[in-house]
Amino acid sequence: MEHWNSTLGSGFILMGILNDSGSPELLCATITVLYMLALTSNGLLLLVITVDSRLHVPMYFLLRQLSLMDLLFTSVVTPKAVMDFLLNENTISFVGCALQMFLALMLGGAEDLLLAFMAYDRYVAICHPLNYMVFMRPKVCWFMVATAWVLASISAFVYTVYTMHYPFCMSRKIRHLLCEIPPLLKLACADTSRYELFVYVMSVTFLMPPLFTIISSYALILCTVFRVPSSEGKQKALVTCSSHLMVVGMFYGAATFMYVLPSSLHSPKQDNIISLFYTVVTPALNPLIYSLRNKDVMRALKRVLGKYML
């Protein structure tokens, strides 16, 4: 089969979800609204946690990192998808595709690890409250955050370099919302079966330990919470943990579908819907889930808005 020089050519064509939609204008407007909601809500959460000294505790330090990751993740994908549709220009250069893949993988991987650290934080806070500030002292928190960013960056770099080294066929159309490994490998003119197996094994390896940590942490938390005599303390713990579990469910559900399920169970339309979910919908919902159900955050938001509006 004839190859095309992807490094010197015009790059790829991102077909995306908007071109295949029955009502592309309505979907574009919905995506734009969700993106603006993600920018506003994550931006406000970052501002509130940074400005209000009462939220300068490990739990909100980690939550601030989650908001930053969500803000960056959706900004890597959504503005280009919307502008491509409005300008009827769906091309992306080879370097641009590689950069988008690297950033998406890095931010997704970092969030994967961060959610596990957040679960550990809640476990220590509820099961070992007297030792909380010892186990979650500032150096430990910074180490957690640095570990998430560094490991995710290394992993994303390796995946991106190896994926983009393949020769690609004459078809430059990526039937996906963004440059990701599964849809790109479908364009490769070489045997990618071993690499696909490697991606599958590494995805399971990267996803399962954090997920196991989260499940174990919340199992221990539930055992502790049900022994708490105070109904108010029990309710506060359950509300905090349920918010986190909702975010975990959305993230791991999408990641498992995209990278763990066999490619034979995928279709371009399903992949586009899942990618839309974790690049647009989840970043918009995460801060709402955490803030609307958290009285401390809502009180801090009122204080900060009152301070800056007066």
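Residues numbered from 1 in each chain as written. Predicted model: local features only at pLDDT ≥ 70, side-chain atom pairs only at ≥ 80, totals over all residues. Heavy atoms only, no water.

## Considering helix α3 (residues 94–127)
And then number 1: Here α3 is 34 residues long and its end C-alpha atoms lie 50 Å apart, about the 50 Å a rise of 1.5 Å per residue gives.
And then number 2: With 26 of 34 residues buried, α3 is to be regarded as a mostly interior element. (Helix = DSSP H or I, 4+ residues; strand = E, 2+ residues; numbered from the N terminus. Expected span 1.5 Å × (residues − 1). Buried < 20%, exposed > 50% of the residue type's maximum accessible area, 1.4 Å probe, protein only.)

## Regarding the environment of N42
And then number 1: Following the sequence through the fold, N42 ends up in helix α1 (residues 24–51).
And then number 2: Residue N42 is classed as buried on the basis of its relative accessible area, which comes to 0%.
And then number 3: Residues N42 and T213, 171 residues apart in the sequence, show an inter-C-alpha distance of 26 Å.
And then number 4: Other than its neighbours up to four places away in sequence, N42 contacts L37, S67, D70, L71, P283 and P287.
And then number 5: At 3.5 Å, the side chain of N42 forms a polar contact with the side chain of S67. (Contact = heavy atoms within 4.5 Å. Polar contact = N/O pair within 3.5 Å; in protein donor to acceptor, adjacent residues only side chain to side chain.)

## Quick notes on the nonpolar core
And then number 1: The biggest cluster of nonpolar side chains holds 94 residues, and the ones touching the most others in it are F12, L115, I181 and L184.
And then number 2: Ranked by residue count, the leading element in this core is α3, at 18 residues.
And then number 3: Discounting chain neighbours no more than four positions away, the residues touching L184 are F12, C97, M101, T163, M164, F168, I174 and C179. (Core = buried A, V, L, I, M, F, W, Y, C linked by side-chain atoms within 4.5 Å.)

## A look at the UniProt feature "transmembrane region" (unreviewed entry) in the protein chain
And then number 1: The sites that carry the UniProt feature "transmembrane region" (unreviewed entry) are, in the present numbering, residues 29–49, 61–78, 98–120, 140–162, 197–225, 237–261 and 273–292.
And then number 2: A distance of 33 Å separates the end C-alpha atoms of residues 140–162, which is 100% helix and 0% strand.
And then number 3: Counted over residues 273–292, helix gives 100% and strand 0%. Its end C-alpha atoms are 26 Å apart. (UniProt positions renumbered as here; feature names shortened; annotations may be inferred.)

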